[in-house]
Amino acid sequence: MRRTLWGAMAIASPLVLAATLSAAPAGASGPPWDREGWRLVAKESFDRNLDSRRHPWFRDGDGPSSPYNVDMYDNDGAYFDTVGGPAFREQLAKTKTYRQSFTFGKRGWLTAELAARDADGDGRPDAPPTLTSGKGVATMEEPGHQAGVVIRSTRDLPAEYRVEMTLRGLDFGGERDGLWDYPDGRINGYSPEGCKTNFPWASGGDFSRPECEWADVRTDSNGFYYMSIMDYEQVAPRNNVFVHAHRKVAMDGYNRYKYDKSGLRYCNPETGEYEPYEAGTGNGVNALFMTDDRRYATMPGTEYLMESECGFAKGGAIVSAVDMRPELLPDRPYTFAVERRGGAYTMEMSGVFAHVGQATFRYTREFVEDGEPIWHYNQKPEEYDGRFDADWTWEGPGGTLVDRDTWPAGSAYPDRFMIGDPHMNFYEGRAKVDDVRLYVPR
């Protein structure tokens, strides 16, 4: 099912849409940020000082004893032993992972998770990311791609909820003034110094290569997660392969450097027609509902269900539903929200978009619609009967590995939201985030 608010109404009367989203219904009591049909239960406006540099870094040794241990796709997971062979352990030993984790907000309802690597062996993270706030806005700063920084919910989200955030600054790649190679020397948002690769995590290939001979991330992609719902508790930066196996729904930027092939495309919301990726500015928002089918043969990414003003697409080229205009920030902010209600997820994005100006778009899919489930939608065992269970098999220099029961009966997966960059081997830049809010049905 597809539900949208856009087009002539959004162009001719943007204030009408804004009013439906920002004001409480007539006669309703409660905080001024209540939404129609929703009651505000937690909020963070970043008016208080926040500085991650005041918190200690600690070594994460991975393995079963680590609080960040989840499954075979972790940073030291058996998946990489399989596809990389003995060379993976040799490469992994060359770098150590350090983390920061601290709660903030009223009753600690939010958690900051930061991670970075120590390659020179001095016991300190290299080019560590930071999370700070000032003048009512939080800045997520990531000077190096071998790191990550996210804001997540500390506890499981309710059975039904709406979670949203306001974006006031974005510098994680994409074209600027029509250029992928910026005047300051950066390439798609990455600094020009040194080599920048996806070392030491990949879905295949020769793991024994020197670090600088791995895939160049500068000329691959940069990006940012505006709002994603994950399926496990300890949401934190990890390798990109792990992240692709654990999303339920996601609104993110995937900004491909000078990309002119057929694997990505834009929806023009004014015409309702798909356009090639190079027709946009590389600042698209991908609104992805994950399903149980495997998208990739050699890595555990789940297939995409993509709704846009151009219709519905399953798999194939990734669809950017809209093209943002980050040069208008902070004066014209964007709002991103995810709702879980009535047996369905809804993704919503509001702001100034190419072709249509100020608009709001909403896309809804039921937990199971037309035979397609949303990956790991069940928060409780009784919500799911096991019909989409499967085994995933991986082969490589390290032998054969089977991930059994990827979605069995009796399973349960909490909803935890995530904002930021969760990839410890991709993405670099800065973003400004404001007004994170959680609602429950009124």
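Just so you know, the residues in each chain are numbered from 1, in the order the chain's sequence is written. pLDDT decides what is reported in this predicted model: residues at 70 or higher carry local features, side-chain atom pairs at 80 or more are listed and counted, and totals for whole chains, interfaces and linings draw on all residues regardless. Hydrogens and waters are ignored; side-chain quantities use all the structure's heavy atoms.

Q: Hey, could you run me through the overall build of the chain in this one?
A: Regarding its fold elements, the chain presents 5 helices and 27 strands. Along the first, second and third principal axes, the C-alpha set of the chain runs to 65 × 55 × 45 Å. Here's how the labels work: a residue is buried when its accessible area is under 20% of the maximum for its type, exposed when over 50%, partly exposed in between, all with a 1.4 Å probe on protein chains only. Classification of the 442 residues of the chain by burial places 58% in the buried group. Throughout, a contact is declared for two residues whenever any of their heavy atoms are within 4.5 Å. Restricting to contacts in the chain with at least 6 residues of sequence separation, those with at least 24 account for 70%. Total accessible area computed for the chain in this model is approximately 17100 Å², and 50% of it derives from carbon and sulfur atoms. Within this scheme the basic residues Lys and Arg register as positive and the acidic residues Asp and Glu register as negative, but His and the chain ends are omitted. The atom standing in for a charge is NZ when the residue is Lys, CZ when it is Arg, CG when it is Asp and CD when it is Glu. One way to put it: in the chain the 51 positive side-chain charges average out to a point 5 Å from where the 68 negative ones average out. Note on conventions: DSSP H or I runs of at least 4 residues are helices, E runs of at least 2 residues are strands, and numbering of each starts at the N terminus. The Shrake-Rupley method, run with a 1.4 Å probe, gives the accessible areas here. Residue values count only the displayed protein chains as cover.

Q: Is there a simple way to explain the pattern of salt bridges in this structure?
A: Pairing between side chains of opposite charge can happen when the charged atoms of each approach one another. By definition here, a salt bridge exists when the distance from a side-chain nitrogen of Lys or Arg to a carboxyl oxygen of Asp or Glu is within 4 Å. Summed over all chains, the structure comprises 34 salt bridges. The closest approach of N and O atoms between Asp122 and Arg124, which form a salt bridge, is 3.4 Å. On the basis of relative accessible area, Asp122 is assigned to the partly exposed category, the value being 38%. Residue Lys196 is joined to Glu428 by a salt bridge in which the shortest nitrogen-to-oxygen separation is 2.9 Å. Placement of Lys196 in the loop between strand 9 (161-171) and strand 10 (221-230) and of Glu428 in the loop between strand 26 (416-421) and strand 27 (429-441) is noted, with a sequence separation of 232 residues between them. Of the residues examined, Lys196 reaches a relative accessible area of 8% and is grouped as buried.

Q: Can you help me understand the nonpolar core in this one?
A: One broad trend across soluble globular proteins is that nonpolar side chains are buried collectively. We call a set of buried Ala, Val, Leu, Ile, Met, Phe, Trp, Tyr and Cys residues a nonpolar core when their side-chain atoms join them within 4.5 Å. Within the largest apolar cluster, 110 residues are counted, with the highest numbers of intra-cluster contacts made by Phe336, Met349 and Phe417. Top element by residues in this core is strand 10. It accounts for 6 residues. With near-sequence residues (within four places) excluded, Phe417 lies in contact with Trp109, Leu110, Ile151, Arg152, Ser153, Leu157, Val163, Met227, Ser228, Ile229 and Val436.

Q: How do you make sense of the sheet that holds strand 17 (residues 318-320) when you look at a structure like this?
A: Note on sheets: strands pair through backbone hydrogen bonds, and any given pair is parallel or antiparallel. Following DSSP output, two strands are said to pair if at least two bridges run between them. Pairing is mixed across the open sheet formed by 3 strands, whose spatial order is 13-12-17. Single-partner strands in this sheet number two, and they are strand 13 (273-276) and strand 17. Across the sheet, the mean angle from the axis of one strand to that of its neighbour is 40°, orientation sign disregarded. The pairing of strand 12 (residues 264-268) with strand 13 spans 4 bridges and is classified as antiparallel. Angles shown run from 0 to 180 degrees and are taken between the N-to-C directions of axes, each axis being a line fitted to C-alpha atoms and, for helices, limited to the stretch in contact.

Q: Honestly, the state of the cysteines in this entry has me stumped. Any pointers?
A: One covalent bond between the sulfur atoms of two cysteine residues makes up a disulfide. Disulfides are defined as cysteine sulfur pairs within 2.5 Å. The final tally for this structure, using the stated rule, is 2 disulfides. Here Cys195 is linked by a disulfide to Cys212, with a sulfur-sulfur distance of 2.0 Å. Between Cys195 and Cys212, the disulfide has an S-S torsion of -60° and is therefore left-handed. Of this pair, Cys195 sits in the loop between strand 9 and strand 10 while Cys212 sits in the loop between strand 9 and strand 10; the two residues are 17 residues apart in sequence, bridging distant segments of the chain. Each sulfur in the disulfide pair Cys267 and Cys310 lies 2.2 Å from the other. Taking the torsion about the sulfur-sulfur bond, which here is approximately 95°, the covalent link between Cys267 and Cys310 counts as right-handed. Separated by 43 residues along the polypeptide, Cys267 in strand 12 and Cys310 in the loop between strand 15 (302-308) and strand 16 (311-314) bring together distant segments of the chain. Taken as a pair, Cys267 and Cys310 share a single burial class, namely buried. Look at the chain and number its bonded cysteines as they come in the sequence; the links are 1-2, 3-4.

Q: What is the right way to read the packing of aromatic side chains from this model?
A: To describe a pair of aromatic rings, one takes the distance between the centres and the angle between the planes. The rule is short: rings of Phe, Tyr and Trp, with Trp giving its six-membered ring, pair when the centres are within 6.5 Å, and they are stacked under 30 degrees, edge-to-face over 60, tilted in between. On inspection of all chains with the given rule, the structure shows 33 aromatic pairs. Measuring from ring centre to ring centre gives 5.4 Å for Tyr334 and Phe353, while their planes differ by 45°; the resulting arrangement is tilted. Remark: Phe353 occurs in strand 20 (residues 344-353) and Tyr334 occurs in strand 19 (residues 334-341); sequence separation between them is 19 residues. According to the relative accessible area criterion, Tyr334 is buried, its value standing at 0%. For Phe353, a relative accessible area of 2% puts it in the buried group. Here the aromatic rings of Trp375 and Trp407 are separated by 5.4 Å at their centres, their planes lie at 70°, and the arrangement is edge-to-face. Residue Trp375 is found in the loop between strand 23 (372-373) and strand 24 (392-396), and its partner Trp407 is found in the loop between strand 25 (399-403) and strand 26; the two are separated by 32 residues along the sequence. In this structure, Arg99 packs its charged tip against the face of Tyr68, placed 4.2 Å from the ring centre. In this scheme, Lys NZ or Arg CZ marks a charge over a ring once it lies within 6 Å of the ring centre and within 35 degrees of the ring normal.

Q: How do you make sense of a positive patch on the surface when you look at a structure like this?
A: Patch rule: a residue counts if its relative accessible area is over 30% and it has no salt bridge; like charges are joined within 9 Å, and nonpolar side chains (Val, Leu, Ile, Met, Phe, Trp, Tyr) within 5 Å. Judged by side-chain charge, Lys43, Lys106, Arg107 and Arg155 come together as a positively charged surface patch. Among the secondary structure elements, Arg107 is positioned in the loop between strand 4 (96-104) and strand 5 (110-118). Overall, the relative accessible area of 66% leaves Arg107 in the exposed class.

Q: How should I be thinking about the environment of Lys258 in this particular structure?
A: Checked against the element boundaries, Lys258 lands in the loop between strand 11 (247-256) and strand 12. The spatial distance from the C-alpha of Lys258 to the C-alpha of Pro129 is 27 Å, given a sequence separation of 129 residues. In contact with Lys258, other than residues within four places in its own chain, are Trp180 and Asp181.

Q: Mind showing me how you'd approach empty space enclosed by the protein here?
A: Leftover empty space is mapped by rolling, across the atoms, a probe with the size of a water molecule. Buriedness for pockets is judged along seven lines, at least five of which must meet protein on both sides within 12 Å for an open set on the 1 Å grid over protein atoms alone, while cavities are sets there where a 1.4 Å probe fits but cannot get out, and lining residues have an atom within 4 Å of a point. Grid points are joined across faces, edges and corners, and a volume is the space filled by probe spheres set on the points. Evaluated as defined, the whole model comprises 1 cavity of 30 Å³ or more. As for the largest cavity, its lining consists of Asp60, Asp62, Gly63, Ser66, Tyr68, Asn69, Asp74, Asn75, Asp76, Arg99 and Arg238. Note on residue classes: Ala, Val, Leu, Ile, Met, Phe, Trp, Tyr, Cys and Pro are nonpolar, Asp, Glu, Lys and Arg are charged, and everything else, Gly too, is polar. Of the residues in the lining of the largest cavity, the class split is 1 nonpolar, 4 polar and 6 charged.

Bear in mind that shape data such as this cannot, by itself, settle questions of function.
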